[in-house]
Amino acid sequence: MSNQSLPPGALEALKRPSNVGDRSTIRKLSDFNEGILAVVTSRNIDLGELTHKFDLLCPRNGCGSVILKAGVGRWVEHDGVELDNEKGPLHPDLPALPTTPGTAQWWLVSPNMMEFENIGFTRPVQQDAAAKKLKFLICAECDLGPLGWCEEGGSEFWLACSRVGYR
Ligand SMILES: [Zn+2]
């Protein structure tokens, strides 16, 4: 018996840490081969609607604060909203969203913020003179964001599907 009987690369493969089945890892939408199809399931209260079968988390590794319990948000493709300034996202865990005008994929949460486990908000910002003021959604623990948006005083809260973690 000697190591020379092992096929090339086998020892390295055994030593390599495997993330398969590691529930402590925060997965992003981009980590799923099937994308959004891998994370949706029918909603209990309306089987024609889709929800997320995972808890939604802050995407920052080392944080992972639970934002929304599985089954709460409703999947919608809806007009995109500029969450970032012209310099783009400020953090590597926040992928750029599709450019506006155009649609993006959102988890819609309503009717109020009590649906969330943990969520933080920015101060209201005026996108342009005609529009209502928006607040951006951020992680309540580490302030990472924007993860989504809502209108000031509104009853709908929009989380970007690509900007939350899944577990
Ligand atoms: Zn966080």
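Residues numbered from 1 in each chain as written. Predicted model: local features only at pLDDT ≥ 70, side-chain atom pairs only at ≥ 80, totals over all residues. Heavy atoms only, no water.

**Concerning the coordination of the zinc ion**
Formally: For Na, K and Ca the donor cut-off is 3.2 Å, and for all other metals it is 2.8 Å, counting N, O and S atoms only; because water is absent from this set, sites may look incomplete. A site with four donors is called tetrahedral when every donor-metal-donor angle falls between 85 and 135 degrees; four donors are called square planar, and six octahedral, when opposite donors sit more than 155 degrees apart and all other angles fall between 65 and 115; any other arrangement is irregular. Labels follow the DSSP assignment, with helices taken as runs of H or I lasting at least four residues and strands as runs of E lasting at least two, numbered in each case from the N terminus. Buried, partly exposed and exposed residues are distinguished by accessible area as a fraction of the type maximum, computed with a 1.4 Å probe on protein chains only: under 20%, between the cut-offs, and over 50%, respectively.
Coordination sphere of the zinc ion, protein contribution only: Cys58 (SG), Cys63 (SG), Cys139 (SG) and Cys142 (SG), at 2.3 Å. In this structure, the zinc ion is surrounded by four donor atoms whose angles at the metal cover 108 to 114°, and the resulting shape is tetrahedral. Written as a sequence motif, the donor residues of the zinc ion are C-x4-C-x75-C-x2-C. Highlighted residues: Cys58 in the loop between strand 3 (56-57) and strand 4 (66-68) and Cys142 in the loop between strand 9 (133-138) and strand 10 (148-151), separated in sequence by 84 residues. Residue class for Cys142 comes out partly exposed when judged on its relative accessible area of 24%.

**Comments concerning the sheet that holds strand 4**
This is how it is decided: Paired strands, in this sense, are two strands between which DSSP finds at least two bridges.
In space, the three strands of this open sheet follow the order 4-3-12, with antiparallel pairing throughout. Strands with a single pairing partner mark the edges of an open sheet, and in this sheet they are strand 4 and strand 12 (165-166). As judged from the two bridges shared by strand 3 and strand 4, these two strands associate in the antiparallel manner. Its bridge partner being in strand 4, Leu57 is matched across the sheet by Val66.

**Some points on the nonpolar core**
The condition is simple: Put simply, a nonpolar core is a bunch of buried Ala, Val, Leu, Ile, Met, Phe, Trp, Tyr and Cys residues held in one set by side-chain atoms that sit within 4.5 Å of each other. Here a residue-residue contact requires only that any non-hydrogen atoms of the pair lie within 4.5 Å.
One finds Val39, Ile67, Leu68, Trp107, Phe116, Leu159 and Tyr166 to be the most contacted residues of the largest nonpolar core, which totals 27 residues. At the level of elements, strand 4, strand 6 (103-109) and strand 11 (157-160) are the ones that each hand at least two residues to this core. Setting aside anything within four residues of it in sequence, one finds Tyr166 in contact with Thr25, Ile26, Arg27, Lys28, Leu29, Phe32, Val39, Phe54, Asp55, Leu56, Trp107 and Cys161. Val81, Ala104, Trp106 and Trp149 belong to the second largest nonpolar core, which has twelve residues in total.

**Focus: the pattern of salt bridges**
Our working rule: Within this document, salt bridges are pairs made up of a side-chain nitrogen of Lys or Arg and a carboxyl oxygen of Asp or Glu, the two lying within 4 Å of each other.
Taken as a whole and judged by the stated rule, the model has six salt bridges. Among the salt bridges present, the one from Lys28 reaches Asp93, with a minimum N-O distance of 3.0 Å. Taken as a pair, Lys28 in the loop between helix 1 (10-15) and strand 1 (40-42) and Asp93 in the loop between strand 5 (74-79) and strand 6 lie far apart in primary sequence, 65 residues in all. For Asp93, a relative accessible area of 14% puts it in the buried group. As a salt-bridge pair, Lys132 and Glu151 come within 3.6 Å of each other at their nearest N and O atoms. Here the residue Lys132 occupies a position in the loop between strand 8 (125-126) and strand 9, and Glu151 occupies one in strand 10, the gap between them amounting to 19 residues.

**Some points on the pairing of strand 11**
Residues Phe157 and Leu159 point to one face of strand 11 and Trp158 and Ala160 to the other, with burial holding for every one of them. Inspection of the sheet shows strand 6 paired to strand 11 by four bridges, in the antiparallel sense. Residue Trp107 lies in a different strand from strand 11, and its bridge partner there is Leu159. Note: strand 10 against strand 11, three bridges, orientation antiparallel. Its bridge partner lying in strand 11, Cys150 is registered against Phe157. Hairpin connection from strand 10 to strand 11: five residues lie between these consecutive antiparallel strands, with Gly153 at a positive phi of about 75°.

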